[in-house]
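This is what each chain is made of:
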Amino acid sequence: SSRRRHTRCLSDWSSDVCSSDLFAAGNAAAAEPKRANVLFLFADDMRADSVAALGNPVVKTPTLDALAQRGFVMRNAYCFGGNSAAVCTPSRNMLLSGNAYFRWKDFQPPQGAKGMLSPGDGPNWPLSMQAAGYETYHEGKRGNTALLIQAKFEHNLYINENQDRTGGEPGKQIADDVTKFLKERKTDRPFFMYLAFGNPHDPRVADKKYMDLYERDKIPLPRNFLPQHPFDNGEMTVRDEALLPWPRTEAAVRKELHEYYATITAMDFHMGRIIAALKELGQLDNTIILFSADQGIAIGSHGLLGKQNLYDAGMKCPLVFAGPGIPHSSSDALLYLLDIYPTVLDLVGAAKPSGIDGQSFRPVLTGTTKTVRNELFFAYRDVQRAWRDDRWKLIRYPQVNMTQLFDLQADPDEMKNLAEDAAHQPRVEQMLAKLKDQQAKYTDTLPLTVANPKPAAWTPPSAEERAKQKAAKKAEKKK
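What you see is a predicted model, and the numbers here were worked out from it, not measured in a lab.

Undergrad: When you look at the overall build of the protein chain in this model, what are you seeing that I'm missing?
TA: Tallying secondary structure elements over the protein chain gives 15 helices and 14 strands in all. A compact globule built from 479 residues should have a C-alpha radius of gyration of about 23 Å, and the protein chain, at 22 Å, falls within 12% of that. Over its C-alpha atoms, taken along the principal directions, the protein chain stretches across nearly 70 × 50 × 50 Å. Residues counted as buried form 57% of the 479 residues belonging to the protein chain.

In structure tokens:
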């Protein structure tokens, strides 16, 4: 059946080319090895646990499974956070610049300006790769991206986002364009491709053949599913959270997950087409392939739907490296997405620019060290801050003066808040001090405690109140 074929096959629905063969020995006609190509497959709003090979019991991702089974999995890769509710924007700018968003103070819009300016000057990934002799290619969505940096790519293409997200074949336009480009390119220069897919961001519309791969009623909810977040986190009615009414029902969240997984499966299929084209052209064995996403997304975790939170569901991303010189292994080393840029430069023998926050974790990939970061700091607008080490994670909500403490070793789903436990008070104080130290490092001046906090309790808006809020936002956009 087509269902069984898609679970194992990658090139098209009736093909006999299967995931087990995709990364088999390359074309015998391949050219002599040279500096490795780099192919970066980058998803939009995709949780770290949304790949079958990374532990998801339901999703069907044969392309990404084959990549993980061949390559190196980083299990603690995170988005740094966001200075915008559209976290995609700062995430992609941090990824391509290697700098945390606090470094962009000169690029913030004046009061009353619409939109969020982003860094366009200084070191960035496309210019670094071009200086190293690479032909650079970007294709992806236009909205909420790093427009100024993406303009630095030699080839800079944008998809029709509405068609991509509602046409039933998410990822198809990128796969069509890239396979054509690869087959027609004439240069001997190695290529660096940054393919910024617009999926599985909503709206999520996948063809029936993908939807039929799943039985909605049997899709498990996240282990940390809640009908509603237990307190006001500062972003309870942001656009993503308003996609479903409160409280979240199990049936409504399963519907979201069904569409989410089917969209991922479709995108995985079209990613497989790109990899199959590399193999056909004899380029696969000399190409470093990366897969990651701009941040995670809750879809029911903690009673939330979006990425406007600092839980692992919101900020943790899948990350896989595969290709020449990269062993099959995995690591729990802590890292940011903004570390990927200097790491790839290190892997291809290119110079890392000075003065960026990103650190190369190539020593982790090569097994010479266990980690390059002992702690991570996270920030989301002026409402959430967090700090973690290899075991403990603290989240602070300054507007309501609330703290959460999680033992990630015993409680990886962040379900048991230990912050009010008297036995953990010394740890809370120590971690708050470390959080403040990291704020100073990144020039973050947000107070962690306010004199007049908002009430922590939160009541969902009525349907009438939601309608008024939508009307007010529409009116504001027209100004």
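Undergrad: Explain the packing of aromatic side chains here, please?
TA: To describe a pair of aromatic rings, you give the distance between the ring centres and the angle between the ring planes. A complete count under the given rule lists 26 aromatic pairs for this structure. Ring centres of Trp246 and Trp458 lie 5.3 Å apart, and the angle between their planes is 70°; on these two criteria the pair is classed as edge-to-face. Pair noted here: Trp246 is in the loop between helix H9 (208–211) and helix H10 (250–280) and Trp458 is in the loop between helix H14 (425–441) and helix H15 (463–478), with a separation of 212 residues, a long-range link. Given the relative accessible area of 12%, Trp246 is considered buried. A relative accessible area of 18% places Trp458 in the buried class. Within the aromatic cluster, the residues linked to one another by ring pairs are Tyr78, Phe80, Tyr101, Phe102, Tyr336, Phe377, Phe378 and Tyr442. Over the ring of Tyr214 we find Lys60, and its NZ or CZ is 4.7 Å from the ring centre.

Undergrad: Sorry if this is basic, but what is going on with the packing of helix H3 (residues 62–70) against H10 here?
TA: Packed helix pairs are specified by the crossing angle of their axes together with the interaxial distance, meaning the distance between the axes. Where H3 contacts H10, the two axes come as close as 7 Å, and the packing angle between them is 55°. The angle between H3 and H10 places the two elements in the oblique class. On the side of H3, the interface is formed by Pro62, Thr63 and Leu64, while H10 contributes Asp268, Met271, Gly272 and Ile275. Here the contact of H3 with H10 is built from residues that sort into four nonpolar, two polar and one charged.

Undergrad: Looking at this structure, how should I read the pattern of salt bridges?
TA: Pairing between side chains of opposite charge can happen when the charged atoms of each approach one another. Tallied over the entire structure, the rule returns 34 salt bridges. Across the pair Asp176 and Lys172 runs a salt bridge whose closest N-O atoms are separated by 2.7 Å. Of this pair, Asp176 and Lys172 both sit in helix H8 (residues 172–184), four residues apart, which is roughly one turn of the helix. We note a salt bridge from Glu414 to Lys393, for which the minimum N-O separation is 2.8 Å. Here Glu414 is found in the loop between strand S14 (402–407) and H14, whereas its partner Lys393 is found in strand S13 (residues 392–397), with 21 residues between them in sequence.

Undergrad: Hey, could you run me through the nonpolar core in this one?
TA: Nonpolar side chains in soluble globular proteins generally cluster together in the buried interior. The biggest cluster of nonpolar side chains holds 82 residues, and the ones touching the most others in it are Phe80, Trp125, Phe321 and Ile340. Counting residues per element, this core draws most heavily on strand S11 (residues 376–380), which supplies five residues. Those residues within four positions of Phe80 in sequence are excluded, and the remaining contacts are Met94, Ala100, Tyr101, Phe102, Tyr336, Leu338, Phe377, Phe378, Ala379 and Tyr442. With 58 residues, the next largest nonpolar core counts Ala68, Ala266, Ile289 and Ala322 among its residues.

Undergrad: What's the story with the state of the cysteines in this structure? I'm lost.
TA: Each disulfide is one covalent bond, formed between the sulfur atoms of two cysteines. In the structure shown here, the tally under the stated rule is zero disulfides. Summary of cysteine pairing: Cys88 is not part of a disulfide, and the nearest cysteine sulfur, belonging to Cys79, is at 9.1 Å. Take Cys88: its relative accessible area is 2%, and that puts it in the buried class. Its sulfur unpaired, Cys317 is 6.0 Å from the next cysteine sulfur, which belongs to Cys79. Judged by its relative accessible area of 1%, Cys317 falls in the buried class.

Undergrad: Explain the pairing of strand S7 (residues 287–293) here, please?
TA: Consecutive residues of a regular strand have side chains that alternate between opposite faces of the sheet. The buried fraction of S7 amounts to seven of the seven residues, a majority that puts the element mostly inside the structure. Residues Thr287, Ile289, Phe291 and Ala293 of S7 are buried on one face, and the alternating residues Ile288, Leu290 and Ser292, pointing to the opposite face, are buried as well. Bridging between strand S1 (residues 37–43) and S7 involves seven bridges; their strand directions are parallel. Bridged to Asn37 within S7 is Thr287.

Undergrad: Help me understand the side chain of Asn199, please; the structure alone is not making it clear to me.
TA: Structurally, the position occupied by Asn199 is in the loop between strand S6 (191–196) and H9. For Asn199, a relative accessible area of 1% translates into the label buried. Polar contacts involving the side chain of Asn199 include one to the side chain of Asp164, which spans 3.0 Å. Beyond its immediate stretch of four places on either side in the chain, Asn199 contacts Ala43, Asp44, Asp164, Arg165, Pro170, Gly171, Thr263 and Met267.

Undergrad: What is the right way to look at the sheet that holds strand S3 (residues 81–82) in this model?
TA: In a beta sheet, neighbouring strands pair by backbone hydrogen bonds and run either parallel or antiparallel. Pairing in this open sheet of five strands is mixed, and the strands run S3-S11-S12-S13-S14 from one edge to the other. Either end of the sheet is taken by a strand with one partner, and the two such strands are S3 and S14. Pairing of S3 with S11 involves two bridges; the strand directions are parallel. Its bridge partner being in S11, Gly82 is matched across the sheet by Tyr380.

Undergrad: What is the right way to read the confidence of the model for the protein chain from this model?
TA: Should pLDDT be low for a region, the predicted coordinates there are not to be read in detail. For the protein chain, mean pLDDT is 91; residues scoring 70 or higher make up 90% of the total. Confidence drops under pLDDT 50 across residues 1–17; counting only partners more than four residues distant or on other chains, this segment forms 39 contacts. Within the model, pLDDT remains below 50 along residues 27–32, and this stretch shows five contacts once partners closer than five positions in the same chain are excluded.

Undergrad: Explanation requested: the environment of Leu127 in the structure shown.
TA: Looking at the element boundaries, Leu127 is found in helix H5 (residues 125–131). We classify Leu127 as partly exposed; its relative accessible area is 38%. Separated by 23 residues in sequence, Leu127 and Gln150 place their C-alpha atoms 10.0 Å apart.

What counts, and at which threshold
Residues numbered from 1 in each chain as written. Predicted model: local features only at pLDDT ≥ 70, side-chain atom pairs only at ≥ 80, totals over all residues. Heavy atoms only, no water. Helix = DSSP H or I, 4+ residues; strand = E, 2+ residues; numbered from the N terminus. Rg over C-alpha atoms; globule rule 2.2 N^0.38 Å. Buried < 20%, exposed > 50% of the residue type's maximum accessible area, 1.4 Å probe, protein only. Phe/Tyr/Trp six-rings, centres within 6.5 Å; stacked < 30°, edge-to-face > 60°. Lys NZ or Arg CZ within 6 Å of the ring centre and 35° of its normal. Axes fitted to C-alpha atoms, helices over the stretch in contact; angles between N-to-C directions. Parallel < 35°, antiparallel > 145°, perpendicular 65-115°, else oblique. Contact = heavy atoms within 4.5 Å. Nonpolar A, V, L, I, M, F, W, Y, C, P; charged D, E, K, R; others polar. Salt bridge = Lys/Arg side-chain N within 4 Å of Asp/Glu carboxyl O. Core = buried A, V, L, I, M, F, W, Y, C linked by side-chain atoms within 4.5 Å. Disulfide = S-S within 2.5 Å. Pairing = 2+ DSSP bridges. Polar contact = N/O pair within 3.5 Å; in protein donor to acceptor, adjacent residues only side chain to side chain. pLDDT = per-residue confidence, 0-100.

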